[in-house]
Amino acid sequence: MTDTALREPTFLILTALAAQPQHGYGILLDVETIAEGRVSLRAGTLYTALDRLRADGWVTVDREEVVDGRLRRYYRLTDQGAARLATEVRRLQTHTRVAEQRLRARLQGGIA
């Protein structure tokens, strides 16, 4: 497992799948919600990322069902994917903590 930073779309997709399995369109909507509308993935980007995440062992197909004559594939986070997401969360928390400390020191020191 690597400790390099995840790209934001990857982080958001893994986050979307952390709570429960979802189909592609559900992931797209959830990513937009998580990012408060700041990130909106295109279907091609999502499915390319999901293929890569499957190859990495971070995501797997949970199930497939036919809805209105179309195949709907649900994806879920694997244990390895959850561990990678947790590593990224810890990395971001550490960086955030340092930034907050430095900003607080700046404000207390009256640095403009």
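Every value quoted in this text rests on a predicted model; they were computed, and no experiment measured them. (Residues numbered from 1 in each chain as written. Predicted model: local features only at pLDDT ≥ 70, side-chain atom pairs only at ≥ 80, totals over all residues. Heavy atoms only, no water.)

Participant: With reference to specific residues and values, describe the overall build of the protein chain.
Facilitator: Within the protein chain one finds four helices and three strands. Relative to the compact-globule value of 13 Å for 112 residues, the protein chain shows a C-alpha radius of gyration of 17 Å, a clear excess of over 25%. Going through the 112 residues of the protein chain one by one, you find that 29% of them count as buried. Residue pairs in contact within the protein chain that sit at least 24 positions apart in sequence constitute 50% of those at least 6 positions apart. Accessible surface for the protein chain amounts to roughly 7400 Å². Of this, 49% is attributable to carbon and sulfur atoms. When the 17 basic and 14 acidic side-chain charges of the protein chain are each reduced to a single mean position, those positions are 6 Å apart. (Helix = DSSP H or I, 4+ residues; strand = E, 2+ residues; numbered from the N terminus. Rg over C-alpha atoms; globule rule 2.2 N^0.38 Å. Buried < 20%, exposed > 50% of the residue type's maximum accessible area, 1.4 Å probe, protein only. Contact = heavy atoms within 4.5 Å. Areas by Shrake-Rupley, 256 points an atom, 1.4 Å probe, with all protein chains shown as cover. Lys, Arg positive; Asp, Glu negative; His and termini not counted. Charge placed at Lys NZ, Arg CZ, Asp CG, Glu CD.)

Participant: Got a sec to walk through helix α3 (residues 43–56)? Specific residues and values, please.
Facilitator: The end-to-end C-alpha distance of α3 is 20 Å, a good match for the 20 Å that 14 residues give at a rise of 1.5 Å each. Restricting attention to buried positions, one finds in α3 the residues L46, A49, L50 and L53. Down the axis of α3, the buried side of the element spans an arc of 105°, and every buried residue falls inside it. For α3, exposure combined with an orientation more than 90 degrees from the buried face picks out T48 and A55. (Expected span 1.5 Å × (residues − 1). Arc of directions from axis to C-beta.)

Participant: With reference to specific residues and values, describe the pairing of strand β2 (residues 59–67).
Facilitator: Two elements, β2 and strand β3 (residues 70–77), share eight bridges in a ladder whose sense is antiparallel. Paired with V66 across the strands is L71, a residue of β3. What sits between β2 and β3 in their antiparallel hairpin is a turn of two residues, with D68 showing a positive phi close to 55°. (Pairing = 2+ DSSP bridges.)

Participant: Describe the sheet that holds strand β1 (residues 22–23), naming the residues involved and giving the relevant values.
Facilitator: Picture the strands of a sheet paired through backbone hydrogen bonds; they go either parallel or antiparallel. Taken in spatial order, the three strands make up an open sheet running β1-β3-β2, and their pairing is antiparallel. Every other strand in the sheet has two partners, leaving β1 and β2 as the edge strands with one partner each. Helix α1 (residues 8–18) rests against β1, β2 and β3 of the sheet, and its axis sits at about 95° to β3. (Axes fitted to C-alpha atoms, helices over the stretch in contact; angles between N-to-C directions.)

Participant: Now, about the nonpolar core: what can you tell me, with residues and values included?
Facilitator: Ranked by size, the top nonpolar core spans 21 residues in total, and within it I13, L14, L17, I27, V31 and L50 carry the most contacts. Mapped onto this core, the elements with two or more residues apiece are α1, α2 (24–34), α3 and β3. Broken down by element, the residue count for this core peaks at five residues, all from α1. Among residues more than four places away in sequence, those in contact with L50 are I13, L17, I27, V59 and Y75. (Core = buried A, V, L, I, M, F, W, Y, C linked by side-chain atoms within 4.5 Å.)

Purely geometric stuff here, so don't read any function into it on its own.
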